Amino acid sequence: VITTHVNADFDCLGAMVAAGKLYPGALMVFSGSQEKSMRDFFLKSTSYVLNFTRLKDLDLSLVTRLILVDCQHSSRIGRFAEILKKPGLEVHIYDHHPESSGDIKSDCGVIRDCGSSTAILTLMLRDRGIDVNATEATLMMLGVYEDTGSLIFPSTTVDDYQAAAWLLSRGANLNTVSDFITQELTAEQ
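Criteria and thresholds
- Residues numbered from 1 in each chain as written.
- Predicted model: local features only at pLDDT ≥ 70, side-chain atom pairs only at ≥ 80, totals over all residues.
- Heavy atoms only, no water.
- Core = buried A, V, L, I, M, F, W, Y, C linked by side-chain atoms within 4.5 Å.
- Buried < 20%, exposed > 50% of the residue type's maximum accessible area, 1.4 Å probe, protein only.
- Helix = DSSP H or I, 4+ residues; strand = E, 2+ residues; numbered from the N terminus.
- Expected span 1.5 Å × (residues − 1).
- Polar contact = N/O pair within 3.5 Å; in protein donor to acceptor, adjacent residues only side chain to side chain.
- Axes fitted to C-alpha atoms, helices over the stretch in contact; angles between N-to-C directions.
- Parallel < 35°, antiparallel > 145°, perpendicular 65-115°, else oblique.
- Left-handed = near helix turned anticlockwise from the far one by under 90°.
- Contact = heavy atoms within 4.5 Å.
- Nonpolar A, V, L, I, M, F, W, Y, C, P; charged D, E, K, R; others polar.
- Pairing = 2+ DSSP bridges.
- Phe/Tyr/Trp six-rings, centres within 6.5 Å; stacked < 30°, edge-to-face > 60°.

K.L.:
Report on the nonpolar core, specifying residues and quantitative values.
P.N.:
Core analysis: the biggest nonpolar cluster contains 42 residues, and L121, L142 and L167 have the highest contact counts within it. At the level of secondary structure, the elements contributing two or more residues to this core comprise α1 (10–22), β2 (65–69), α3 (117–128), α4 (134–148), α5 (158–169) and α6 (174–180). When residues in this core are grouped by element, the largest group, nine residues, is from α1. In this structure, V1, L66, V91 and I104 belong to the second largest nonpolar core, which totals 16 residues.

K.L.:
Tell me about α4, and please be specific about residues and values.
P.N.:
Taking 1.5 Å of rise per residue, the 15 residues of α4 would be expected to cover 21 Å, and the 21 Å separating its terminal C-alpha atoms lies within 8% of that figure. Among the 15 residues of α4, 13 are classified as buried, and the element is accordingly described as predominantly covered. Capping the start of α4 is the job of one residue whose side-chain oxygen sits 3.0 Å from the backbone nitrogen of T135: N133. Positive phi shows up at G149, right after α4, with a value of about 60°.

K.L.:
Tell me about the packing of α4 against α5, residues and numbers included.
P.N.:
It is at 9 Å that the axes of α4 and α5 come closest, and there the two elements cross at 155°. Between α4 and α5, the interaxial angle falls into the category roughly antiparallel. The element α4 and its partner α5 pack so that their crossing is left-handed. Within the contact between the two elements, α4 uses A137, M140, M141, V144, Y145 and T148 and α5 uses D160, A164, L167 and L168. Partitioning the contact of α4 with α5 into residue classes produces eight nonpolar, one polar and one charged.

K.L.:
So what's going on with α3? Which residues, and what values?
P.N.:
Between the first and last C-alpha of α3 there are 17 Å, a value that for 12 residues agrees with the 16 Å anticipated at 1.5 Å per step. Residues of α3 that are buried include every one of S117, T118, A119, I120, L121, T122, L123, M124 and L125, and no others. Tucked into the core, α3 has its buried residues touching α1, β2, β3 (90–95), β4 (108–111), α4 and α5.

K.L.:
Could you give me a rundown of the pairing of β2, with the residues and numbers involved?
P.N.:
Summarising burial for β2: four of the five residues are buried, a large majority. By the bridge criterion, two bridges tie strand β1 (residues 2–3) to β2 in an arrangement that is parallel. For T3, the partnering residue across the bridge sits in β2 and is L68. Pairing analysis gives five bridges linking β2 to β3, with the strands arranged parallel. Among the inter-strand pairings, V69 is bridged to a residue of β3, identified as Y94.

K.L.:
So what's going on with the packing of aromatic side chains? Which residues, and what values?
P.N.:
Throughout the structure, instances matching the rule amount to two aromatic pairs. Measuring from ring centre to ring centre gives 6.3 Å for Y23 and Y94, while their planes differ by 65°; the resulting arrangement is edge-to-face. In this pair, Y23 is assigned in the loop between α1 and α2 (36–44) and Y94 in strand β3, connecting sequence segments 71 residues apart. The class for Y23 is buried, based on a relative accessible area of 11%. Assessed through its relative accessible area of 5%, Y94 is described here as buried. Summarising the aromatic geometry, the rings of F30 and F52 are spaced 4.6 Å apart at their centres and angled 15° between planes, so their arrangement reads as stacked.

K.L.:
Explain the sheet that holds β4 to me, and be specific about the residues and the numbers.
P.N.:
The strand order across the open sheet formed by four strands is β1-β2-β3-β4, and the pairing between neighbours is parallel. Two strands close off the open sheet at either side, each with one partner strand: β1 and β4. Its contacts with the sheet place α1 against β1 and β2, and it is angled at close to 140° to β2. Along the sheet, α3 makes contact with β2, β3 and β4, crossing β3 at roughly 110°.

K.L.:
Can you lay out the packing of α3 against α5 for me, pointing to particular residues and giving the numbers?
P.N.:
Remark: α3 packs on α5, axes separated minimally by 9 Å, with the N-to-C direction vectors making an angle of 55°. Regarding the angle of α3 to α5, the classification is oblique. For the pair α3 and α5, the sense of crossing is left-handed. Contact residues: A119, T122, L123, L125 and R126 in α3; D159, D160, Q162, A163, W166 and L167 in α5. In terms of residue class, the contact of α3 with α5 is made up of six nonpolar, two polar and three charged.

From the geometry alone we can't say anything about function, so treat these as descriptive.
Below, the structure written as structure tokens:
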């Protein structure tokens, strides 16, 4: 099962889509609610066929591998926290928040500084020669752009730019990305 933190954002979505390419056959399941921008996205984008499983349709006792993206804290993964002590459960974590290492022990994965978790997974796909289609590239680009402020936040790294370039070369649609990424201005701006 591939999941993320409750109140999922576009970086969660992009990272889940990328992880789905790395772990074919894994189910993508949101651990809880999504941010408003994500809910709006799902309402407006019927052209995207996303193969998500609803948490209520999942038998947690059957999960043998838990792939967490953009999260390392048991308090943020909803009902999935119930299975963390299950004997034999493998936990793989992909996160761009190393300074806030969480309480979940990982068997493998990548936790390192980067502007987005999606970029980490995107570069893994590129390096392993796993291709993505234009729809997947667009969904992943949403994740990179949201968590990096369209590549201008100080936390943005070279990896985020390389991931964005690779996704663009795979057909990511920047018009779609700009339609869904909202840049809220401060009063001063």
